[in-house]
Protein chains: 2
Amino acid sequence: MTATIHRLRTGAEPSLNPMIALVAADMNAVNQVILDRMQSEIPLIPELAGHLIAGGGKRMRPMLTLASARLLDYGGNRHHKLAAAVEFIHTATLLHDDVVDGSDLRRGKRTANIIWGNPASVLVGDFLFSRSFELMVEDGSLKVLKILSHASAVIAEGEVNQLTATRQVELGEDRYLDIIGAKTAALFAAACRIAAVVAERPEGEEAALDAYGRNLGIAFQLVDDAIDYTSDAGTMGKDAGDDFREGKMTLPVILAYARGDEEARRFWRDAIAGRRASDADFAEAVRLVQASRSVDDTLARARHYGQRAIDALGAFANGKAKDAMVEAVEFAVARAY
Amino acid sequence: MTATIHRLRTGAEPSLNPMIALVAADMNAVNQVILDRMQSEIPLIPELAGHLIAGGGKRMRPMLTLASARLLDYGGNRHHKLAAAVEFIHTATLLHDDVVDGSDLRRGKRTANIIWGNPASVLVGDFLFSRSFELMVEDGSLKVLKILSHASAVIAEGEVNQLTATRQVELGEDRYLDIIGAKTAALFAAACRIAAVVAERPEGEEAALDAYGRNLGIAFQLVDDAIDYTSDAGTMGKDAGDDFREGKMTLPVILAYARGDEEARRFWRDAIAGRRASDADFAEAVRLVQASRSVDDTLARARHYGQRAIDALGAFANGKAKDAMVEAVEFAVARAY
């Protein structure tokens, strides 16, 4: 008997398209739930929520719920409502994040807080968050409710942790991993895990899908954080250098600081403290990050977690769903090339 | 047979003390749950949450859950966790409200957003909100989850409705009642209703407790809104004139505007639009509100809803619990005298 070894490819040009095609019909149903359930008699709510929800996001998290359900050959439709609930949690988080960070650009569009103000963004986020729990309650699985309410609390903890880590140049890689594990990977993990719950699969498969989502989420965030030091605003639809100017300690900076000489360390201390925020300072930051190979090695870390995500799928049957989920990981870690 | 008619007293000096005494032992248990479950490995979370939670609030909403359970002779302890969940929802709402309003004083103390900033207040609010759902999930009643997730969505809708009503001088009494019914009364109603759910009482008693809470909540908010035009900062622990300066259309203003002559209306149009916000302007606002008997009639409206709250208890057995719940209404509507 020969083992099937899915090895992370890095040379090819992997794509999210197989996963998008795999779940296309299901995603139509999810989009219908999303559109139906973001309605309200208060016109500002669908207006503001719709700006972000229709704003060209990849629907990565609900897509993971749907793909995981396909991997398990789930034949029902409970996951449509739950995938919409996952997207609502994510959207609420984005609305609050943009208020917290004072961001003015997301996915290439002006953020809701810039258009409608911070108060509206905070409150519509609260509405979507409540609505996501209403959707889960309608589904009626206490197990799903437990997974997603816990994930939501962990996300909020991760965001507070990140906030208190801001402008702390001595932040190490471990604490950084704690932060992204909570703020990003927890919802990826939960989105995958709940598919196993609705498909009534054994605990081992739940845990495997959780591991797939968690490692993919970490890889995804590592690449996002690397991109902030490699690209211009166009690639991500956000302002390049945002993390830098906000004094966020992401892995490229953590590595560049750890590897830097005294002059480089002085630069990072000043920059992270907020005393060097010009375009020239950002150019210098990019130069230091590149010179210390910190972006390359952030991406190497991403590939490590990506390989773990792929290996977590080992116990599942080969086929279109698994291939698409493997390629989604390859896509996630290849984005920065 | 003689009917027992509980008539709203207005001459005496009603007190919240009978209700506080009624639930004292239960409230100790609730406070323990609150303290346990606001903990986190991220120190800022219990620090910020504790500032507000330990900050001298009346715990009105969890107290209503406990008192309602006593009214029904409920003998279990499930309501302790659920009352804590209700208080977490309320605390999350207060944290976000103070960000939305830019408030600097609550319950006589500096607000969390002033001490720790808006980002921390938004995120810790999100944490408490998630944690409240975790508590409900632990209890395991889908019916309670449905009631409280729906109430949370309604609260958020009410807050957005209020936001879009800000500085709209033409806002009428109906829309104002919609707003306070959602932002305040929905949680009062839910806090009472869930006691009937855990006590496994028939739908009619659920509805009666819901009506008690809802009408009490409306009365409570009406009196709060009246107080803003009658007292100095000391009485409420917030800045007098806050509503006025924020351009909030509360009932005293709605009545004063409706009853005013052309000069008064011009004043209100300018003031609500934000063009008259000095101390002298506020003094003029108080004069106009008093001259048009708008505070008196706001309080008369509060007594109407208070009487409805009391009458909603009609079907329940007389006794200490009912007496305390009646007197709590009397206390709520008498606060402004």
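Here is a short report on the structure shown in this document. (Residues numbered from 1 in each chain as written. Chains lettered and ligands numbered in written order. Predicted model: local features only at pLDDT ≥ 70, side-chain atom pairs only at ≥ 80, totals over all residues. Heavy atoms only, no water.)

1. Describing the overall build of chain A
Each helix and strand in chain A was counted, giving 17 helices and 2 strands. Against the 2.2 N^0.38 benchmark of 20 Å for 337 residues, chain A shows a C-alpha radius of gyration of 20 Å, consistent with a compact globule. Taking the principal axes of the C-alpha coordinates as reference, chain A spans close to 60 × 60 × 30 Å. Burial analysis of chain A (337 residues in total) assigns 61% to the buried set. A separation of at least 24 residues holds for 76% of the contacts in chain A among residues at least 6 apart in sequence. Accessible area of chain A: about 12900 Å², with a carbon and sulfur share of 48%. (Helix = DSSP H or I, 4+ residues; strand = E, 2+ residues; numbered from the N terminus. Rg over C-alpha atoms; globule rule 2.2 N^0.38 Å. Buried < 20%, exposed > 50% of the residue type's maximum accessible area, 1.4 Å probe, protein only. Contact = heavy atoms within 4.5 Å. Areas by Shrake-Rupley, 256 points an atom, 1.4 Å probe, with all protein chains shown as cover.)

2. Comments concerning the relation of the copies chain A and chain B
Note on the identical chains: chain A maps onto chain B by a rotation of 180° and an axial translation of 0.0 Å, with an RMSD of 0.0 Å. The symmetry that links the two subunits is that of a two-fold axis. Looking at the interface residues of chain A, 100% of them are also at the interface in chain B, so both copies use one shared face. (Least-squares fit on C-alpha atoms with pLDDT ≥ 70 in both.)

3. Section: the nonpolar core
Core analysis: the largest hydrophobic core is formed by 243 residues, its most contacted members being Y212 and W268 of chain A together with Y212 and W268 of chain B. With 15 residues, helix α9 (residues 173–198) of chain A is the largest single contributor of residues to this core. Beyond its immediate stretch of four places on either side in the chain, W268 of chain A contacts V169, F244, V253, A256, Y257, A273, A285, L288 and V289 of chain A. (Core = buried A, V, L, I, M, F, W, Y, C linked by side-chain atoms within 4.5 Å.)

4. Brief notes about the interface of chain A and chain B
The interface is formed by 34 residues belonging to chain A together with 34 residues belonging to chain B. Carbon and sulfur atoms make up 79% of the surface buried where chain A meets chain B, a total of about 3200 Å² over both sides. Together, L123, E157 and V160 of chain A form the three largest contributors to the area buried by chain A at its contact with chain B, with a combined 18%. Put simply, chain A and chain B have 0 salt bridges between them. Of all the secondary-structure elements, those providing two or more residues to the side of chain A that touches chain B are α3 (44–53), α5 (78–101), α7 (118–139) and α8 (142–165) of chain A. (Buried area = accessible area lost by both parts, 1.4 Å probe. Salt bridge = Lys/Arg side-chain N within 4 Å of Asp/Glu carboxyl O.)

5. Concerning the pattern of salt bridges
Residues and elements named next belong to chain A. Under the counting rule described, the total for this entry stands at 44 salt bridges over all chains. Close ionic contact of E205 with R201 constitutes a salt bridge, the shortest N to O distance being 3.0 Å. Salt bridges sharing partners connect three or more residues here, namely K143, R193, E203, E206, D210 and R214.

6. Remarks on unusual backbone geometry
All names here are of chain B. Despite not being glycine, D73 shows a phi value in the positive range, around 55°. Along the polypeptide, D73 turns up in the loop between α4 (60–71) and α5 (78–101). Assessed through its relative accessible area of 68%, D73 is described here as exposed. Of note in this structure, E200 is not a glycine but carries a positive phi near 55°. Secondary-structure assignment places E200 in the loop between α9 (173–198) and α10 (203–227). For E200, a relative accessible area of 68% corresponds to the exposed category.

7. Considerations on the packing of aromatic side chains
Going through the model one piece at a time under the given rule, you end up with 16 aromatic pairs over all chains. Centre to centre, the rings of F188 of chain B and F220 of chain B are 5.2 Å apart; their planes meet at 50°, and the pair counts as tilted. Remark: F220 of chain B occurs in helix α10 and F188 of chain B occurs in helix α9; sequence separation between them is 32 residues. Assigned by exposure class, F188 of chain B and F220 of chain B land together as buried. Of the aromatic side chains, those joined through ring pairs into one cluster are Y229, F244, F267, W268 and F282 of chain A. A cation over a ring is seen here: R245 of chain B above F282 of chain B, with NZ or CZ 5.4 Å from the ring centre. (Phe/Tyr/Trp six-rings, centres within 6.5 Å; stacked < 30°, edge-to-face > 60°. Lys NZ or Arg CZ within 6 Å of the ring centre and 35° of its normal.)

8. A closer look at the side chain of T93 of chain B
Residue and element names in this part refer to chain B. Tracing the backbone shows T93 in helix α5. The class for T93 is buried, based on a relative accessible area of 17%. Reaching out from T93, the side chain makes a polar contact with the backbone oxygen of I89 at a distance of 2.8 Å. Non-local contacts of T93, meaning those with residues more than four positions away in its chain, are made with I155 and E159. (Polar contact = N/O pair within 3.5 Å; in protein donor to acceptor, adjacent residues only side chain to side chain.)

9. Brief notes about the environment of G117 of chain A
Residue and element names in this part refer to chain A. Here G117 lies in the loop between α6 (112–116) and α7. Taking the relative accessible area as the measure of exposure, G117 reaches 18% and is therefore buried. Separated by 18 residues in the primary sequence, G117 and V99 place their C-alpha atoms 8.6 Å from one another.

10. Quick word on the side chain of D210 of chain B
Residues and elements named next belong to chain B. Note that D210 resides in helix α10. Residue class for D210 comes out buried when judged on its relative accessible area of 11%. In this structure, D210 is in contact with A189 and R193, ignoring residues within four places of it in sequence.

11. Quick word on the packing of α3 of chain A against α7 of chain A
Helix-helix packing is characterised by the crossing angle of the two axes and by the distance between the axes. All names here are of chain A. Relative to each other, α3 and α7 sit at 90°, their axes nearing to 10 Å. In terms of orientation, α3 lies roughly perpendicular with respect to α7. Counted together, L44, I45, L48 and A49 of α3 and A120, S121, V124, F127 and L128 of α7 form the full contact between these two elements. Its residues assigned to classes, the contact of α3 with α7 comprises 8 nonpolar, 1 polar and no charged. (Axes fitted to C-alpha atoms, helices over the stretch in contact; angles between N-to-C directions. Parallel < 35°, antiparallel > 145°, perpendicular 65-115°, else oblique. Nonpolar A, V, L, I, M, F, W, Y, C, P; charged D, E, K, R; others polar.)

12. Description of α8 of chain A
Taking 1.5 Å as the rise per residue, α8 of chain A with 24 residues should run 34 Å; its terminal C-alpha atoms sit 34 Å apart, in good agreement. Just downstream of α8 of chain A, R167 of chain A is the residue with a positive phi angle, here 65°. (Expected span 1.5 Å × (residues − 1).)

13. Looking at the environment of L44 of chain B
Looking at where L44 of chain B falls in the secondary structure, it is placed in helix α3 (residues 44–53). Spatially, the C-alpha atom of L44 of chain B lies 8.2 Å from that of A120 of chain B, the residues being 76 residues apart in sequence. Beyond its immediate stretch of four places on either side in the chain, L44 of chain B contacts V160 and T164 of chain A together with W116 and A120 of chain B.

14. With respect to α10 of chain B
Compared with an ideal rise of 1.5 Å per residue, which puts 25 residues at 36 Å, α10 of chain B spans 36 Å between its outermost C-alpha atoms and is within 8% of the ideal. Counted residue by residue, α10 of chain B has 19 buried out of 25 residues, so it is predominantly covered.

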